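# Examining the three-dimensional arrangement
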Amino acid sequence: MKMNKWMYLLIGVLAVLLALSAVKDNMIKFSVEKVVQGVTGLKLSISGMEVGIFSGIIDIKGLKLHNPRGFKDRLMLDMPEIYVHYDLPAFFRGKIHFKDMKINMKEFIVEKNSRAQLNLDSLKVVSDSGAEKAKPEEGKKGPGMRLQIDTLELKVGKVIYKDYSQGGAPSVNEFDVDINEKYENITDLQSLVSLILMKSLAKTTISKLADFELDRLTSGISDNLLSQVSGKLFGSSGAGKMLGEAVEKMMGQ
């Protein structure tokens, strides 16, 4: 009889832990959606997320950044998977510390709509860009929790440009960029988003096709990360080389 009580107790504890695990994943999923929405200004959806308390692993599936109203295509970014190895004790010290982060972006769709508006301009990191905007400072604590990403592995497959401004069927250009690069010591979300945009566009001719200046994104990247970007852009061709030279010029000022 005593054994049965212990069995029921154990089953009850396991049931509570499973329920808390499901609630925890949903809460973190909701938080990630809201944080990214706050940084980008656009709606984000995630199809699934698993958070390991003891393993320190967060596995995000099907992350999609949606276009605002007024654009034909529903999506701007399609990221099938994001992997994060996080530091749990740091969270209790008021810091988000990711030891490793892997971002796998399948497609990045740049669209110019029938009114000649570019979906890129709806992103906060782009719309807030400008000479008057202060560059993020290394290690400076802003509002909310501090961020530290030790190592980022960024993979980008394809960038697509669709131009609906001439009416009728769009003019479509596809670029297989095949980016697979690593970066270190990222200390704010603004730098992370700007880095992803810059690297994706630098290996395309979209800056010319859409009349979009890539150096608008450099104001949102910290100096430490900008120097890493500059080193990887030199030696490439086209827009990447031009941006690399522009970044180097900024770093020398």
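Here's what I pulled together on the structure shown here. As a convention, each chain's residues are numbered from 1 in the sequence order in which they are written. Where totals are concerned, whole chains, interfaces and linings use all residues; where local detail is concerned, this predicted model gives features only for residues with pLDDT of at least 70, and gives and counts side-chain atom pairs only at 80 or more. Only hydrogens and water are set aside; all other atoms, that is, all heavy atoms of the structure, feed into the side-chain values.

### With respect to the side chain of Lys 199
Put simply, the test is: To qualify as a helix, a DSSP run of H or I must reach at least 4 residues; to qualify as a strand, a run of E must reach at least 2; elements of each kind are numbered from the N terminus. Only protein chains enter the accessibility calculation, which uses a 1.4 Å probe; a residue is then buried when its area is under 20% of its type maximum, exposed when over 50%, and partly exposed in between. Polar contact is the term for a pair of N or O atoms within 3.5 Å; when the atoms are in protein, one must be able to donate a hydrogen and the other to accept it, and sequence-neighboring residues count only if both atoms are side-chain atoms.
Within the secondary structure layout, Lys 199 lies in helix 4 (residues 189–202). For Lys 199, a relative accessible area of 2% translates into the label buried. A polar side-chain atom of Lys 199 sits 3.2 Å from a polar atom in the side chain of Glu 181.

### Let's talk about helix 4
The following threshold applies: To estimate how far a helix should extend, the number of its residues minus one is multiplied by 1.5 Å.
Relative to the 20 Å expected for 14 residues at 1.5 Å per residue, helix 4 spans 20 Å between its end C-alpha atoms, a close match to the ideal helical length. Within helix 4, 12 of the 14 residues are buried, which leaves it mostly tucked inside the rest of the structure. One side-chain oxygen of the residue at the start of helix 4 lies 3.2 Å from the amide nitrogen of Gln 190, identifying that residue as Asp 188.

### Description of the pairing of strand 5 (residues 146–163)
Note the threshold: Note on pairing: DSSP must find at least two bridges between two strands before they are called paired.
For strand 4 (residues 95–112) and strand 5, the ladder comprises 16 bridges, and the chain directions are parallel. Bridged to Asp 100 within strand 5 is Thr 151. As defined by bridge partners, strand 5 adjoins strand 6 (residues 171–186) across 13 bridges and the pair is classed as antiparallel. Bridge pairing links Val 159 to Phe 175 in strand 6.

### What about the environment of Ile 179?
To keep things clear, this is the line we draw: The contact definition used throughout considers only heavy atoms, calling two residues in contact when any of these lie within 4.5 Å.
Relative to the assigned elements, Ile 179 resides in strand 6. Overall, Ile 179 belongs to the buried group, its relative accessible area being 5%. Here the alpha-carbon distance between Ile 179 and Leu 154, two residues 25 residues apart in the chain, equals 7.1 Å. Among residues more than four places away in sequence, those in contact with Ile 179 are Leu 154, Lys 155, Val 156, Lys 199, Ser 200 and Lys 203.

### A closer look at the sheet that holds strand 6
Note the cut-off: A fitted line through C-alpha atoms serves as each axis, taken over the contacting stretch for helices, and the angle formed by two N-to-C directions is quoted from 0 to 180°.
With mixed pairing, six strands are arranged side by side in an open sheet as 1-2-3-4-5-6. Two strands bound the open sheet, and with one partner strand each, they are strand 1 (44–51) and strand 6. Averaged over neighbouring strand pairs, the angle between their axes works out to 10° when direction is ignored.

### Quick word on the environment of Ile 221
Tracing the backbone shows Ile 221 in the loop between helix 5 (206–209) and helix 6 (223–233). With 29 residues separating them in the primary sequence, Ile 221 and Leu 192 have C-alpha atoms 7.6 Å apart.

### Some points on unusual backbone geometry
If you check the backbone angles, Asn 185 has positive phi at about 55° while not being a glycine. Tracing the chain through its elements places Asn 185 in strand 6. Judged by relative accessible area, which is 30%, Asn 185 ranks as partly exposed. A positive phi angle, near 55°, is found at Asp 211, a position not held by glycine.

### With respect to the pattern of salt bridges
For clarity, the cut-off: Only one rule defines a salt bridge in this text: a Lys or Arg side-chain nitrogen within 4 Å of an Asp or Glu carboxyl oxygen.
Enumeration according to the criterion identifies eight salt bridges in this entry. Close ionic contact of Asp 59 with Lys 61 constitutes a salt bridge, the shortest N to O distance being 3.5 Å.

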